[in-house]
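# Structural overview
Chain by chain, the residues run as shown.
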Amino acid sequence: MRNDHIKWGILFILFFTAGYGAGILSMILIRGKNPFRTSHAFFSTFCLSLFIIGGILGIKLRRMKDPPEDDLQLHALFTLSGFVLSLLNVIFGYGLLP
């Protein structure tokens, strides 16, 4: 189960990062606008940062034999916060749709 968690976490961060990059490129190439002038871009950057921090903590936890409970909770806090804010960020993205 732990290996599945790690595998899905890595895939999630890769897809989220790809979507983040595609959003930036589409704002520049298709719409001709500054991609970082929207609340959607701000929260996307913040969410990506939370996921990356959570992933780094996850890698740290994976290397430990018996990780402390505080580190596990911190990993959960960062990743869950990123997930909840991502869902909220969908609302900000609707304003950017053509």
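Relevant structure appears above.
Rules of the game
Residues numbered from 1 in each chain as written. Predicted model: local features only at pLDDT ≥ 70, side-chain atom pairs only at ≥ 80, totals over all residues. Heavy atoms only, no water. Core = buried A, V, L, I, M, F, W, Y, C linked by side-chain atoms within 4.5 Å. Buried < 20%, exposed > 50% of the residue type's maximum accessible area, 1.4 Å probe, protein only. Helix = DSSP H or I, 4+ residues; strand = E, 2+ residues; numbered from the N terminus. Contact = heavy atoms within 4.5 Å. Expected span 1.5 Å × (residues − 1).

### Considering the nonpolar core
With 8 residues, the main nonpolar core is built from F16, Y20, I24, C47, L48, L50, F51 and L85. Elements that contribute at least two residues to this core include exactly α1 (2–30) and α2 (39–63). With 4 residues, the top contributor of residues to this core is α2. Leaving out residues up to four positions away in the same chain, F16 has contacts with S44, C47, L48, F51 and S86.

### So, α2
The end-to-end C-alpha separation of α2 is 36 Å, in line with the 36 Å expected for 25 residues at 1.5 Å each. Buried within α2 are the following residues: A41, S44, C47, L48, L50, F51, G54, L57, G58 and L61. Buried-residue contacts for α2 involve α1 and α3 (69–94).

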